[in-house]
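# A closer look at the structure
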Amino acid sequence: LEQAHQQKIPVTVISTGIRNTILDYLNVAESDTFFVVTNGCNTGTDLKPEKINIRTTYNIPENIKIGVCVGNIVEHKNQVQIVRAFSLLPHKVRNDLVILFLGRDVTNGLFMQEIKKSGQQKNLINCGNIPKEDVAAYYNQADFNIVASISEGFGLSMIEGFSHGLPTITFSDLDAIPDLYHEKAMVLINQRTDEALAQGIEQITSMDWD
């Protein structure tokens, strides 16, 4: 990074947060060397008919809201905090909400243990590794997207959700927030406590989204 800065070698990064981290590391206020080129995703102009109905597959009634959390289940992605926060929600909110976790579980069973310990197996569903061509159906049929990662260079699932009309709830300190935030598309959580995450989940389930 120091060599790139000194010799003015152009470098691209995927979010404003990463660029700011580099500038802080180099102790410079600005640079004409480091450029932000954000991630993109297929906006689905050639969507194929959906092969899966998630309400039928997971026996979710029509009046229940659905949140999706997309990404391999690992410590870094912090899905376990969603489980803890879910247990703090008011009884009525828990009863009217299902969160689907999409991704390969590499926690050696620890994630499923947390779900069982919470007693919320009917509302917190580990869907496993979903074929890429089916993930769009989950986005299309869900009500919101949730990203609870400890850190994210960008957070591709946020714009994937946007492209399917889904708002996202996430933490305000993630690197991509300066690039992606819009009040009509996101709920931001300013603290990393389980209580704050629970409040954010309750907020996103009670809002009307266009």
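Here we summarise the structure given alongside this text. (Residues numbered from 1 in each chain as written. Predicted model: local features only at pLDDT ≥ 70, side-chain atom pairs only at ≥ 80, totals over all residues. Heavy atoms only, no water.)

### Overview of the pattern of salt bridges
Basically, it comes down to this: Salt bridges, as used here, are contacts in which a Lys or Arg side-chain nitrogen is within 4 Å of a carboxyl oxygen on Asp or Glu. Numbering of helices and strands runs from the N terminus, with a helix taken as a DSSP run of H or I at least four residues long and a strand as a DSSP run of E at least two residues long. Only protein chains enter the accessibility calculation, which uses a 1.4 Å probe. A residue is then buried if its area is under 20% of the maximum for its type, exposed if over 50%, and partly exposed in between.
Within the structure shown, the criterion is met by nine salt bridges. Residues D134 and K51 are paired through a salt bridge, measuring 3.9 Å at the closest nitrogen-oxygen approach. Here D134, found in helix 7 (residues 132-141), pairs with K51, found in the loop between strand 2 (34-36) and helix 3 (54-57); they are 83 residues apart in sequence, far enough to count as distant. Owing to a relative accessible area of 66%, K51 belongs among the exposed residues under this scheme. Of the charged contacts, one joins R55 and E62 as a salt bridge, the two residues approaching to 3.8 Å between their closest N and O atoms. Since its relative accessible area comes to 67%, E62 is described here as exposed.

### Structural notes on the packing of helix 4 (residues 79-86) against helix 10 (residues 194-206)
Any two packed helices are characterised by the angle at which their axes cross and by the distance between the axes. Heads up, the condition is: To define axes, lines are fitted to C-alpha atoms, for helices over the stretch in contact only, and angles between the resulting N-to-C directions are given on a 0 to 180 degree scale. Here the angle decides the label: under 35 degrees means roughly parallel, over 145 means roughly antiparallel, 65 to 115 means roughly perpendicular, and every other value means oblique. Note on definitions: a residue-residue contact is assigned when non-hydrogen atoms from the two residues lie within 4.5 Å. When residues are grouped by polarity, Ala, Val, Leu, Ile, Met, Phe, Trp, Tyr, Cys and Pro land in nonpolar, Asp, Glu, Lys and Arg in charged, and all others, Gly among them, in polar.
Between helix 4 and helix 10, the shortest axis-to-axis distance is 8 Å and the interhelical angle comes to 75°. Classified by the angle their axes make, helix 4 and helix 10 are roughly perpendicular. Residues Q81, I82, R84 and A85 of helix 4 pack against D194, L197, A198 and I201 of helix 10. Its residues placed into classes, the contact of helix 4 with helix 10 shows five nonpolar, one polar and two charged.

So yeah, pure geometry; function would need other evidence.
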